[in-house]
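Here is what each chain is made of, one letter per residue.
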Amino acid sequence: MNEDIQNSIEACAQYYGNDADAMRDYLKNGEMSALALDNRGPIKFDKNGNLEENIRDAYSKYGFYIFENVLSDEELTDIKTDLDAIRDIFPTDPESKVNHRGEPALGADNKALNLVWSKPLGDPLGGTSLANGRHEVKMFEPEAKADTPTAAPFLLLGSLQFSDACLRVYGHPQLLKVAEEINGADFAPFNEALFIKDPGIGAAVSWHQDGVTHWDNPDFDQDIHGFNFMAQVYGSTAVNGVWVLPGTHKQGKIDIAELVESVGSERLEGAVPIVCNPGDVAICNRQLLHGSFPNCGFEPRVTVNFGFHRRSSVLGVDGGGIHSARQVFDEEIVTRRARTIGYAIDARKQRFPDEQPYVYRPFESAGADYIWNDAARADLKDYNLEDLSI
Ligand SMILES: O=C(O)CCC(=O)C(=O)O
C-alpha cells in the first residue's frame, strides 16, 4: 500500500554514524509494527450517523487513527498550488521582511508569529525552555549536506490566513463530524499549522506531549487536551513522519528525559511512525507521546495540521501560553476564534458546491452566518493571536 521507502531508510541511517545499524533497524521495525496495527481505514459513520465504534475504540486504544483517502487528488493539487505560492513569499532569512524578489514577505506586517525556522536537520525545540520546555530532550542533529540553506522554515503558524486550500481542508464535513463525535457538537478550535519537512533539510520535533494545562485537573481524562488532525499532502513515512508511543495518551504526564535515559537512546521502544499515503488524514491525541526525526530521506512531508478541543477544556481556562499569549479564554474569545470554522465551511461550499456542508451547531443556535470573501480574508489576519492554547 505505501510506497517503498527502503532507499530513504538506508540513506537516513547513513546520517547516524555509529548508530546507522540501530537507526535502520528502528525505522524498518517501526514501519512494520505501524502497518500491523488495526487503526486505519476510511472515515465511516454508522446508521445513526455516529463514528463507527471500531474506529472510536482503536483511536481510544492507540491514541491515533489514520483516515485513508480523505482528500481527493483535486484537493491535494489545490494545496500544492498554495504551498508553491507560500514558499514563493517566504522571507529570505529568519530576520528578513522580504522574499527572494525583494517584495514584502509572508507575515511581514503580522503581529503574531508565523514562521519558525531551523538549521537543516536540526532540532530547534528539543532540550530548550521553548514551548514550556515540553520537548525535554535534544534529538540527534545529523550534519546536513553542504548545498542546503543555513536555515529553513519548518513550521508555519496561523496557516488558514495564508492558504484557501488549507482553510477548505479545515472545513471538510467528515472531519468536522469526527471532531463533533470526539469533542461534542459544541467543539472549539485549537490552532492550525503546516509542518514542512523537506528532504535533507526538515527539522526534528523532539518527543513531547502537547497538553500543558490539564494534567492535574480532577476531571482529567484521555481527551481533555483535544486532538490534532494531520492531513498528508505527500504522504508520511517512517523516515519523515511523526512517531508516536501508542497508549501514552492515557498515562498522564510522562517524564520524557527519564524515559529516553532508561532506553539509552531517542529511539523509544514500542514507538511507531504514522504511515500515510497522500490524502490520508491522521487523528492524533495531543496527550500521546510523539515527535519526529529530522528528514534525512528523499521524500518530502507537508502536514496540514489542525486541532479541536472540547468546549469545556478551553472555556474559562487560563491558556498554556504556547500558541498564543497567556490569556483566559472567555466566551467572547472562544466564539470569535471559532469564526475560522464558519469561514472554512463557506470557503469549501464555494469550491465544492455538490458536497453536503457541515453544520456547526453553535452557529445554528446563535443564528450566525459566515461568508468567505475579501472582508473575511482581512478578518483572519493575525487570527492566531487567539489560538486556544492549552
Ligand atoms: O509534524 C511534526 O513533525 C510534529 C507534529 C507535532 O508535534 C504536533 O502536531 O504536535
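Residues numbered from 1 in each chain as written. Predicted model: local features only at pLDDT ≥ 70, side-chain atom pairs only at ≥ 80, totals over all residues.

## A closer look at the site of the ligand
Phase 1: Taken together, the neighbourhood of the ligand is formed by Phe-195, Val-205, Asp-210, Asn-228, Val-242, His-290, Ser-292, Thr-303 and Asn-305.
Phase 2: Going through the elements one at a time, strand S11 (290-292) and strand S12 (301-309) are the ones with two or more residues in the shell around the ligand.
Phase 3: Across the shell around the ligand, the residue classes break down as three nonpolar, five polar and one charged. (Near = placed C-beta within 6 Å. Helix = DSSP H or I, 4+ residues; strand = E, 2+ residues; numbered from the N terminus. Nonpolar A, V, L, I, M, F, W, Y, C, P; charged D, E, K, R; others polar.)

## Details of the sheet that holds S11
Phase 1: Pairing is antiparallel across the open sheet formed by four strands, whose spatial order is S6-S11-S8-S9. Of all strands in the sheet, those bounded by a partner on one side alone are strand S6 (205-208) and strand S9 (272-273).
Phase 2: Pairing geometry for S6 and S11, over two bridges, is antiparallel. Within S11, the residue paired with His-208 across the bridge is His-290. (Pairing = 2+ DSSP bridges.)

## Quick look at helix H6 (residues 173-183)
Phase 1: Within the sequence span of H6, burial applies to Leu-175, Leu-176, Val-178, Ala-179, Glu-180, Ile-182 and Asn-183.
Phase 2: Each element contacted by the buried residues of H6 is listed here: strand S7 (227-232), strand S10 (281-285) and S12.
Phase 3: Once H6 ends, the next one or two residues include Gly-184, with phi positive near 95°. (Buried ≥ 20, exposed ≤ 12 C-beta atoms within 10 Å, placed from the backbone. Contact = placed C-beta atoms within 7 Å.)

## Focus on the sheet that holds S12
Phase 1: The strand order S1-S2-S10-S7-S12-S5-S4-S3 describes an open sheet built from eight strands, whose pairing is mixed. If you trace the sheet from one side to the other, it starts and ends with strand S1 (40-41) and strand S3 (115-118), each paired once.
Phase 2: In the sheet, S1 pairs with strand S2 (residues 64-67) via two bridges, with the strands oriented parallel. Bridged to Arg-40 within S2 is Ile-66.
Phase 3: In the packing of H6 onto the sheet, the strands contacted are S7, S10 and S12, and the crossing angle to S12 comes to about 45°. (Axes fitted to C-alpha atoms, helices over the stretch in contact; angles between N-to-C directions.)

So yeah, pure geometry; function would need other evidence.
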